[in-house]
Amino acid sequence: MQNADQNDILFERARAVIPGGVNSPVRAFKAVGGTPRFIRRAEGAYFWDANDKRYIDYIGSWGPMILGHGHPAVVEAVQKAVLEGFSYGAPTEREIELAEAILALMPSMEMVRLVSSGTEAAMSALRLARGATGRKHIIKFEGCYHGHADALLVKAGSGLATFGHPTSAGVPPEVTQHTLVLEYNNIAQLEEAFALHGNDIACLMIEAIAGNMNFVRATPAFAARCRELCTQHGALLVFDEVMTGFRVGLHGAQGVLGITPDLTVLGKVIGGGMPLAAFGGPRAIMEQLAPLGPVYQAGTLSGNPVATACGLATLKEISKPGFYEALAKKTRTLVDGLKAAAAAEGQPFNADSEGGMFGFFLMDELPQNYATVMTTDNAKFNALFHGLLDRGVYIAPALYEAGFVSAAHGEEDIAATIEAARQVFRTLRPL
Ligand code: KE4
């Protein structure tokens, strides 16, 4: 008798006590079908599921594991930190060190506040922008995700005169009535929105390389227009770099685009896999925050001494000369190899990457907005996902998610991934 699949057993047990069997929805494989893999351990570029099957990991905890799993210097730093205590609820020197390290790499930021998740950082940045400007309205873009704070769980209203509607139950329409949802890369719509509401807009929040619609770049013209219009109307430009920060380059997407935002939201890589995120900007804005200013924000585990040790050790490694050149080259080799494999098998396909982040689309174009991304043939993506999974390659279990390469991925892993993809492209039904 075939050994019972341990993932199935664990999934059934999990669903009895945890909603959907997971602690974050995307992990449930609902978009792609099948049983989520319960991970037992990870090392370098790999993790192993409950059946002890090894996968090349292109999730990397959704971005944080840029060094790969279990980097010796990071493990050592965390082991040392836990022996000094897990949490104090009092300030520590290490929080200063991490803040100084972040500010040294993000010249747009003069001060930073550490928190425990990207959601918390984006929510706090939004409250700070409203407090600092005294305005209510905010702009976000369809396809960008900024965590699950109520005011950001919004879909576009009908036209620019109407504000957003909640995308989640439990969010009263009153909470989203000040959120305007625009089309990504649509300059005309952006200009119209500012013409209509400009003087009432507290901030515009954007993923400048949108990893939550797989991988869509803000065009340089669009990004520049966001900056110009925010400046012109006294709104704050907020770059949500939770995913792109220290992932697409040492200075994030703002470094790639050469755009200076007013506030930056960070997460993922800066925690190195531990719960740590941050938001920051100019001193004049940041000093509006409690305990100095009127904008309240707090957190029991903010700046946690173990998480800051993990983050600092990670930032130290990625700041070493040549780190991003090597990572970007490896990621681009993967992307070029996937494109070549798809072309060889006659499959419509395109892909892009920046630093250690990549995305691909089962179409010949590179989409410029969410609506185009969502024209993807779901069944085909799901077949690709499971074909790769069966071959020991674990990509994001959703077509709107980006992929991540770590410093631990070797040339042989990239080559094996490209070969696995070629085999799967061959099995996919011709268009
Ligand atoms: P967290 O609260 O999940 O730490 O961060 C929210 C967040 C904010 N901003 C951006 C640009 C993000 O990508 C995220 C979280 N990203 C998702 C993956 N697309 C995390 C994975 C998950 O939800 O389980």
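Residues numbered from 1 in each chain as written. Predicted model: local features only at pLDDT ≥ 70, side-chain atom pairs only at ≥ 80, totals over all residues. Heavy atoms only, no water.

As recorded in an unreviewed UniProt entry, the protein chain goes by the name Glutamate-1-semialdehyde 2,1-aminomutase, listed as coming from Variovorax beijingensis. One UniProt comment on the protein chain, placed under Catalytic activity (unreviewed entry), says "(S)-4-amino-5-oxopentanoate = 5-aminolevulinate". If you open the UniProt record of the protein chain and go to Cofactor (unreviewed entry), you find "pyridoxal 5'-phosphate". (UniProt positions renumbered as here; feature names shortened; annotations may be inferred.)

Chemist: Please provide a residue-by-residue account of the domain arrangement of the protein chain, values included.
Modeler: Per the domain assignment, the segments making up the protein chain are domain 1 (6–70 + 321–427) and domain 2 (72–318). Counting residues at the interface gives 31 residues for domain 1, matched by 32 residues for domain 2. Interface area lost by domain 1 to domain 2 is led by Y324, E354 and M357, which between them contribute 24%. Summed over the shared surface of domain 1 and domain 2, the number is two salt bridges. Across the pair D352 and R217 runs a salt bridge, and its minimum N-O distance is 2.6 Å. Counting across the domain 1 and domain 2 interface gives 15 residue pairs in polar contact (both at pLDDT 80 or more). Listing elements by their share of the side of domain 1 that touches domain 2, those giving two or more residues are helix 11 (323–344), strand 15 (350–354), strand 16 (357–361) and helix 12 (370–373). It is strand 16 that contributes the most residues to the side of domain 1 that touches domain 2, five residues altogether. Looking at side-chain class alone, the side of domain 1 that touches domain 2 contains 19 nonpolar, eight polar and four charged residues. (Domains from an automatic or database assignment. Contact = heavy atoms within 4.5 Å. Buried area = accessible area lost by both parts, 1.4 Å probe. Salt bridge = Lys/Arg side-chain N within 4 Å of Asp/Glu carboxyl O. Polar contact = N/O pair within 3.5 Å; in protein donor to acceptor, adjacent residues only side chain to side chain. Helix = DSSP H or I, 4+ residues; strand = E, 2+ residues; numbered from the N terminus. Nonpolar A, V, L, I, M, F, W, Y, C, P; charged D, E, K, R; others polar.)

Chemist: A description of helix 10 (residues 305–318) should follow, citing residues and the corresponding values.
Modeler: If you check helix 10, its first and last C-alpha atoms are 20 Å apart, about what 14 residues at 1.5 Å a residue would give, namely 20 Å. By the criterion of burial, helix 10 is predominantly enclosed, with 13 of the 14 residues buried. Where helix 10 begins, the side chain of N304 points an oxygen toward the backbone nitrogen of V306, at a separation of 2.9 Å. (Expected span 1.5 Å × (residues − 1). Buried < 20%, exposed > 50% of the residue type's maximum accessible area, 1.4 Å probe, protein only.)

Chemist: Report on the UniProt feature "modified residue: N6-(pyridoxal phosphate)lysine" (unreviewed entry) in the protein chain, specifying residues and quantitative values.
Modeler: Here the UniProt-annotated "modified residue: N6-(pyridoxal phosphate)lysine" (unreviewed entry) positions come out as K268. The residue K268 is located in the loop between strand 13 (263–266) and strand 14 (277–281) in this model. Those residues in contact with K268 that lie beyond four places of it in its chain are W62, G63, P64, V242, M243, G273 and L276. A polar atom in the side chain of K268 sits 3.1 Å from the backbone oxygen of W62.

Chemist: I'd like a rundown of the site of the ligand, residues and numbers included.
Modeler: Not every one of the 16 residues close to the ligand is listed here, only the nearest: S24, T119, N212, D240 and E401. Within the contact set of the ligand, a nitrogen atom lies 2.5 Å away from a side-chain nitrogen or oxygen of N212. One of the side-chain nitrogen or oxygen atoms of D240 is found 2.8 Å away from a nitrogen atom of the ligand. The protein chains hide 85% of the 530 Å² of surface that the ligand would expose on its own. (Near = heavy atom within 4 Å. Areas by Shrake-Rupley, 256 points an atom, 1.4 Å probe, with all protein chains shown as cover.)

Chemist: Hey, could you go over the pattern of salt bridges for me, with residue numbers and the actual values?
Modeler: According to the stated counting rule, one finds 15 salt bridges in the structure shown. Between E317 and K320 there is a salt bridge, and its shortest N-O distance comes to 3.0 Å. Here K320 falls in the partly exposed class, since its relative accessible area comes to 42%. A salt bridge links R332 to D352, with the nearest nitrogen and oxygen atoms 3.0 Å apart. Separated by 20 residues along the polypeptide, R332 in helix 11 and D352 in strand 15 bring together distant segments of the chain. Residue R332 is classed as partly exposed on the basis of its relative accessible area, which comes to 29%. Through salt bridges that share partners, R217, R332, D336, D352 and E354 make up one connected network.

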